[in-house]
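Descriptive structure summary
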Amino acid sequence: MSTQPLPLAGVTVVTVEQAVAAPFATRQLADLGARVVKIERPDGGDFARGYDTAARGLASHFVWCNRGKESVAIDLKDPRGLALVRKMVAGADVFVQNLAQGAAARLGLDAAALCAAHPWLIAVDVSGYGAEGPYARKRAYDMLVQCEAGLVSVTGTPEQPVKSGIPAADIAAGMYAFSGVLAALVRRGTTGRGGPVEVSLLDSLAEWMGHPLHHGMHGGAAPARTGLAHAVIAPYDAYPTTDGLVLLSVQNDREWRRLAERVLGRPELADDPAFATNTARVAGRAATDAAVAAALAPLTAAEALARLDAAGIACARLNSVAELADHPQLTARDRWREVESPVGPLRALLPPIVFPDAPEPRMDRIPSLGQNTDEVLAELGVPEAEVKELREAGVIA
């Protein structure tokens, strides 16, 4: 039985956001109990709503990043609409924005200006490349930042660099914005003051590039692109069985001995100088992979995994997205829920952060555009007649 509330219960967040980075951050806040009021354009809203129609008519990115939020459709370019948003911010704990560089400042919604006016407020600016420097005004879409941060240079095969199959730069920035808000809330609890938080996609993904960056800066060369293999560990790759690929990873020479003796059936390789150390196995990667592949090729994937597990060797299947959706571990741990949406219930995973002594994370409705406009404006004390006038003028929707 839960004994504590969700950790962000009572926290109010106002966000002017679009695409993935900021919406992903604020969805984490909503999951943990915060009230998140999402400001959208009346003429279409967050442009991620139009990326695709894969989720039963809704955009899959929007479904992923926007559950549990209230949608308020307001035209920020109209002074009346901007005044309403500023009134909302004045009563909030946190404000988040990822508008194009300079747009928030022109509206007076940048973190520095808002925190000067409201010392208790935590205001987060999420940008592509940061507020200063030669790249500050560049458009910063995920794939472009993946390239600028060097991620694409170390991803793929020796012949072909590829981008990550997920929006890695957006996710990285979203998670740092989320953790930045949490850190700022802790600081406010001890000092009574909020303050600005800055997060950029490039800074975030550059941090995630730590291993290849330090390897290259201090080791003389960046790790080579090796597909599913590891640049500095062997064996660490995918190997064919009779009915699919199995991946395994040997992290040290003790594990190699177990693999040689109990899986490969070639105990002599444990002490052979050409295989006994990771350095030797990487130098002779072709021979190492050939030995592993020969042992696994006659087996089914299930047989290979069972043998590897029995030997204590890290291993996995190469699952498809459909297989992830039916993953037995997620099912066994009851990780799936249904989230309400404008098209009916949609299946979604519980968020990764678990508080066993609190209620389940909030997984409330994915809002339609402007679904909560009237409700939020009523809370601000805007008279019904004025709401009607604003709607007829196109300032709200």
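Here the structure is shown first, and the text comes after it.
Residues numbered from 1 in each chain as written. Predicted model: local features only at pLDDT ≥ 70, side-chain atom pairs only at ≥ 80, totals over all residues. Heavy atoms only, no water.

Attention now moves to the overall build of the chain. When helices and strands are tallied, the chain shows 17 helices and eleven strands. Dimensions of the chain, computed from C-alpha atoms along their principal axes, come out at roughly 85 × 45 × 40 Å. Relative to its full complement of 397 residues, the chain shows a buried share of 47%. Taking contacts inside the chain between residues at least 6 apart in sequence as the whole, the part at least 24 apart equals 66%. (Helix = DSSP H or I, 4+ residues; strand = E, 2+ residues; numbered from the N terminus. Buried < 20%, exposed > 50% of the residue type's maximum accessible area, 1.4 Å probe, protein only. Contact = heavy atoms within 4.5 Å.)

The next subject is the packing of helix 7 (residues 168–191) against helix 8 (residues 201–208). For the pair helix 7 and helix 8, the least separation of the axes is 8 Å and the interaxial angle reads 100°. Between helix 7 and helix 8, the angle falls in the class roughly perpendicular. Contacts from Ala168, Ala169, Asp170, Ile171, Ala172, Ala173 and Tyr176 of helix 7 reach helix 8 at Leu201, Ser204, Leu205, Glu207 and Trp208. Taken together, the residues that form the contact of helix 7 with helix 8 break down as nine nonpolar, one polar and two charged. (Axes fitted to C-alpha atoms, helices over the stretch in contact; angles between N-to-C directions. Parallel < 35°, antiparallel > 145°, perpendicular 65-115°, else oblique. Nonpolar A, V, L, I, M, F, W, Y, C, P; charged D, E, K, R; others polar.)

Put simply, helix 1 (residues 21–31) and helix 7 touch, their axes get as near as 7 Å, and they point 45° apart. Comparing their axes, helix 7 and helix 1 come out oblique. Helix 7 is crossed by helix 1, and the crossing has right-handed handedness. Counting all contacts with helix 1, which are made through Ala21, Phe24, Ala25, Gln28 and Leu29, the residues of helix 7 involved are Asp170, Ile171, Ala173, Gly174, Met175, Ala177, Phe178, Val181 and Leu182. By residue class, the composition of the contact of helix 1 with helix 7 is eleven nonpolar, two polar and one charged. (Left-handed = near helix turned anticlockwise from the far one by under 90°.)

Most of helix 1 sits out of view: eleven of its eleven residues are buried. Among the residues making up helix 1, those that are buried are Ala21, Ala22, Pro23, Phe24, Ala25, Thr26, Arg27, Gln28, Leu29, Ala30 and Asp31. Phi turns positive one or two residues past the end of helix 1, at Gly33, with a value near 110°.

For the rest of this paragraph, the subject is a nonpolar patch on the surface. A grouping of Tyr141, Met143 and Leu144 is seen on the molecular surface, where their side chains present a nonpolar patch of about 280 Å² in accessible area. Position of Tyr141 relative to the elements: it lies in the loop between strand 5 (122–127) and helix 6 (142–148). Among the residues examined, Tyr141 registers a relative accessible area of 47% and is labelled partly exposed. (Patch = residues over 30% accessible without salt bridge, like charges linked within 9 Å, V, L, I, M, F, W, Y side chains within 5 Å. Areas by Shrake-Rupley, 256 points an atom, 1.4 Å probe, with all protein chains shown as cover. Salt bridge = Lys/Arg side-chain N within 4 Å of Asp/Glu carboxyl O.)

Attention now goes to the sheet that holds strand 8 (residues 244–249). Taken together, three strands build an open sheet; the order of strands is 7-8-9 and the sheet is antiparallel. The sheet is open, and its two borders are formed by strand 7 (236–241) and strand 9 (314–317), each paired with just one other strand. Looking at each pair of strands side by side, their axes are set apart by 25° on average, direction ignored. (Pairing = 2+ DSSP bridges.)

This brings us to the side chain of Ser127. Position of Ser127 relative to the elements: it lies in strand 5. Polar side-chain contacts of Ser127 include one of 2.9 Å to the backbone nitrogen of Gly130. Setting aside chain neighbours within four positions, we find Ser127 in contact with Gln101, Val199, Ser200 and Leu201. (Polar contact = N/O pair within 3.5 Å; in protein donor to acceptor, adjacent residues only side chain to side chain.)

Right, let's talk about the pattern of salt bridges for a bit. Counted according to the given criterion, the structure contains 19 salt bridges. Residue Glu40 pairs with Arg49 through a salt bridge whose shortest N-O separation is 2.8 Å. Taking relative accessible area as the criterion, Arg49 reaches 21% and is therefore assigned partly exposed. One connected set of salt bridges, linked through shared partners, spans Glu17, Lys38, Asp46 and Lys69.

A separate point is the pairing of strand 8. Pairing of strand 7 with strand 8 involves six bridges; the strand directions are antiparallel. Pairing of Ala238 across the sheet is with Leu247, part of strand 8. With antiparallel pairing between neighbouring strands as the criterion, strand 7 and strand 8 make up a hairpin whose turn holds two residues. Both strand 8 and strand 9 contribute to a ladder of four bridges, which runs antiparallel. From the neighbouring strand, Leu248 faces strand 9, where its bridge partner is Cys315.

Moving on, we come to the sheet that holds strand 1 (residues 12–16). Judged by pairing direction, the sheet is parallel, and its six strands sit side by side in the order 3-2-1-4-5-6 without closing on themselves. The open sheet is flanked by strand 3 (69–73) and strand 6 (195–200), the only strands paired with a single partner. Neighbour to neighbour, the strand axes of the sheet diverge by 20° on average, direction disregarded. Bridge analysis of strand 5 against strand 6 gives six bridges, and the strand direction is parallel. Within strand 6, the position partnered with Ala123 by the bridge is Pro196.

In this structure, the amide linkage connecting Ala234 to the following residue, Pro235, adopts the cis form with an omega of -5°. Secondary-structure assignment places Pro235 in the loop between helix 9 (210–219) and strand 7. Phi is positive for Ala19, close to 65°, though the residue is something other than glycine. Exposure remark for Ala19: the relative accessible area of 16% places this residue in the buried category. At Arg56, a position not held by glycine, the phi torsion is positive, near 55°.

One finds Val13, Leu29, Val94, Val124 and Val126 to be the most contacted residues of the largest nonpolar core, which totals 34 residues. It is helix 7 that provides the largest number of residues to this core, a total of eight residues. Once residues within four sequence positions are removed from consideration, Val94 is found in contact with Val11, Thr12, Val13, Val14, Leu121, Ile122, Val181 and Leu185. Ranked by size, the runner-up nonpolar core spans 32 residues in total, among them Ile39, Cys115, Ala123 and Leu380. (Core = buried A, V, L, I, M, F, W, Y, C linked by side-chain atoms within 4.5 Å.)

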